[in-house]
Amino acid sequence: MTTTYAALLRGINVGGARKLPMADLRALLTGLGYDGVRTHLQSGQAVFSTETREEAALEAELGKAIHEHFGFSVDVIVRDHAYLSAVADACPFPADELAPKELHLTYFSEPVTADRFAGIDPAAYLPEDFRLGDRCLYLYVPDGLGRSKLAEVLARPRVTKGLIATSRNWNTVRKLVELTAE
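Presented here is a report on the structure given in the accompanying data block. Fair warning: this is a prediction, and the values are worked out from it, not measured in the lab.

With that settled, consider unusual backbone geometry. The omega torsion across Leu 126 and Pro 127 is 10 degrees, close enough to zero to call that bond cis. Mapped onto the fold, Pro 127 is located in the loop between strand 5 (103–108) and strand 6 (129–133).

What follows concerns the nonpolar core. If you look at the biggest cluster of nonpolar residues, it comprises 23 residues, and the most contacted ones within it are Leu 105, Tyr 107, Tyr 138 and Trp 170. At the level of elements, strand 1 (2–9), helix 3 (81–89), strand 5, strand 7 (136–140) and helix 6 (170–181) are the ones that each hand at least two residues to this core. When residues in this core are grouped by element, the largest group, five residues, is from helix 6. Trp 170 has contacts with Ala 88, Cys 91, Ala 95, Pro 100, Leu 103, Leu 105 and Tyr 138, leaving out every residue within four places of it along the chain. Counting residues in each nonpolar core, the second largest holds 22 residues, with Leu 20, Ala 65, Phe 70 and Val 74 among its members.

A word on the sheet that holds strand 7. Two orientations exist for strands paired in a sheet by backbone hydrogen bonds: parallel and antiparallel. Here four strands make up an open sheet; going across it, the order is 6-7-5-8 and the pairing antiparallel. Looking along the sheet, the strands with just one partner apiece sit at the ends: strand 6 and strand 8 (165–169). Put simply, the sheet's adjacent strands are angled 20 degrees from each other on average, direction ignored. Relative to strand 8, strand 5 runs antiparallel, the two being bridged by five bridges. Paired with Leu 105 across the bridge in strand 8 is Arg 168. Contacts from helix 3 reach strand 5 and strand 7 within the one sheet, and its direction differs from that of strand 5 by about 140 degrees.

Conventions adopted
- Residues numbered from 1 in each chain as written.
- Predicted model: local features only at pLDDT ≥ 70, side-chain atom pairs only at ≥ 80, totals over all residues.
- Heavy atoms only, no water.
- Helix = DSSP H or I, 4+ residues; strand = E, 2+ residues; numbered from the N terminus.
- Core = buried A, V, L, I, M, F, W, Y, C linked by side-chain atoms within 4.5 Å.
- Buried < 20%, exposed > 50% of the residue type's maximum accessible area, 1.4 Å probe, protein only.
- Contact = heavy atoms within 4.5 Å.
- Pairing = 2+ DSSP bridges.
- Axes fitted to C-alpha atoms, helices over the stretch in contact; angles between N-to-C directions.

Below, the structure written as structure tokens:
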């Protein structure tokens, strides 16, 4: 059975570091035998189809291939359409009423519990807010991510220790659902 996945690459093409042209990424994925390879934007989203496999195996395979081909390591999270659609649908904030810059989703490499965030007082950051989901965190930042004090706290190493975490704005979240549905 074939499944369509999105690969979310963390920290590429940001500030001139770890350059990974999307055409080269598409060629790499095609070379790995994946079908229907497409990329979205320059910030590290690729969509592909392959025989259904464990996400962790696909993450490892893609991470190794990027390191071997480009000479640097990249954290990779791979998720299928069912997951991407389910977490978008489960958004606890009124996504349709918000500007895409106000709502972000951080994808985690594994499940997280509220204990990890126990030291953060959400009331101190209002009107900003966050909620946990299935291997993700929904973040509402009315003034945008770049000005968010809450986002800064949530990204601290003591909070994300042992995890791969990569965030996308709501436009990208929706687009990944759309692209993996095709």
